[in-house]
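Examining the three-dimensional arrangement
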Amino acid sequence: MNYLPGTASLIEEIDKKLLVVLRDGRTLIGILRSIDQFANLVLHRTIERIHVGKKYGDIPRGIFIVRGENVVLLGEVDIENEGKLPLEEVPIDDILEMQREEQIVRQAEEERKKKALIDRGMQPTTNEYTDDMY
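Residues numbered from 1 in each chain as written. Predicted model: local features only at pLDDT ≥ 70, side-chain atom pairs only at ≥ 80, totals over all residues. Heavy atoms only, no water.

This part takes up the pattern of salt bridges. Here the structure, examined in full by the defined rule, presents 10 salt bridges. Put simply, aspartate 58 and arginine 49 hold a salt bridge, and the shortest N to O gap is 2.7 Å. Each member of the pair, aspartate 58 together with arginine 49, is buried. Residue glutamate 102 pairs with arginine 106 through a salt bridge whose shortest N-O separation is 3.3 Å. (Salt bridge = Lys/Arg side-chain N within 4 Å of Asp/Glu carboxyl O. Buried < 20%, exposed > 50% of the residue type's maximum accessible area, 1.4 Å probe, protein only.)

Written out as structure tokens, the structure reads:
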């Protein structure tokens, strides 16, 4: 196969099942139906997969349009090994509750670190670049 530069190389991935990790941390799995010169993607039969520890849940999303600048990682899903994941699938409501609990724990840890810095006379900083991403 000839080498295609830039986003043209994605033409080979059309009609294949892909995993896409977005800049905001979401993971999408769907069939690539269309691309353009900006790497904008159209995914068909898309699911949003949420991971918490060794468990995951899938939320059906249907047709999903992804702006190219939001794609961090893109890879083909191995259909043969897809069902052999060492993860446990749980219902959507359960995984969303686990995700909320994980976020609460993470926020409490951040607050604890922030307080520890203030107690030591240091100024806690926020990362302006990541704040802008979401």
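Another point: the side chain of threonine 27. Inspection of the secondary structure assignment puts threonine 27 in strand S2 (residues 27–35). Taking the relative accessible area as the measure of exposure, threonine 27 reaches 11% and is therefore buried. Once residues within four sequence positions are removed from consideration, threonine 27 is found in contact with Leu19, Val20, Val21, Ile47, Glu48 and Arg49. (Helix = DSSP H or I, 4+ residues; strand = E, 2+ residues; numbered from the N terminus. Contact = heavy atoms within 4.5 Å.)

This part covers the nonpolar core. Within the largest apolar cluster, 11 residues are counted, these being Leu10, Leu18, Val20, Leu22, Leu28, Leu32, Ile35, Leu41, Leu43, Phe64 and Val66. Only strand S1 (17–22), S2, strand S3 (41–52) and strand S4 (55–66) provide two or more residues apiece to this core. Not counting chain neighbours up to four residues away, the residues in contact with leucine 22 comprise Leu28, Val66, Asn70 and Val72. Grouped together as the second largest cluster of nonpolar side chains are five residues, Ile50, Val52, Ile59 and Val90 included. (Core = buried A, V, L, I, M, F, W, Y, C linked by side-chain atoms within 4.5 Å.)

The next thing to look at is helix H1 (residues 92–119). When the terminal C-alpha atoms of H1 are compared, their 41 Å separation across 28 residues agrees well with the 40 Å that a helix rising 1.5 Å per residue should span. Residue glycine 121 follows H1 closely and has a positive phi angle near 80°. (Expected span 1.5 Å × (residues − 1).)

Moving on, we get to the sheet that holds S1. Strand pairing in a sheet takes place through backbone hydrogen bonds and is either antiparallel or parallel in direction. Here six strands make up an open sheet; going across it, the order is S5-S1-S2-S3-S4-S6 and the pairing mixed. The open sheet has two edge strands, strand S5 (71–76) and strand S6 (88–89), and neither has a second partner. Where S4 meets S6, two bridges bridge the pair, whose relative direction is parallel. Directly across from tyrosine 56, in S6, lies its bridge partner glutamate 89. (Pairing = 2+ DSSP bridges.)

Time to look at the pairing of S3. Of the pairings in the sheet, the one linking S2 to S3 comprises seven bridges and is antiparallel in character. Bridged to isoleucine 31 within S3 is histidine 44. Linkage of S2 to S3, two consecutive antiparallel strands, is achieved through a turn of five residues, within which alanine 39 is found at a positive phi near 65°. Relative to S4, S3 is paired through 10 bridges, and the arrangement is antiparallel. Each bridged residue has a counterpart across the sheet, and for valine 42 the counterpart in S4 is isoleucine 65. Between the antiparallel neighbours S3 and S4 lie two residues, among them glycine 53 with a positive phi of about 60°.

To continue, consider the UniProt feature "domain: Sm" (unreviewed entry) in the protein. On the UniProt side, "domain: Sm" (unreviewed entry) is annotated at positions that read residues 5–80 here. For residues 5–80, the helix share is 0%, the strand share is 59%, and the end-to-end C-alpha distance is 29 Å. (UniProt positions renumbered as here; feature names shortened; annotations may be inferred.)

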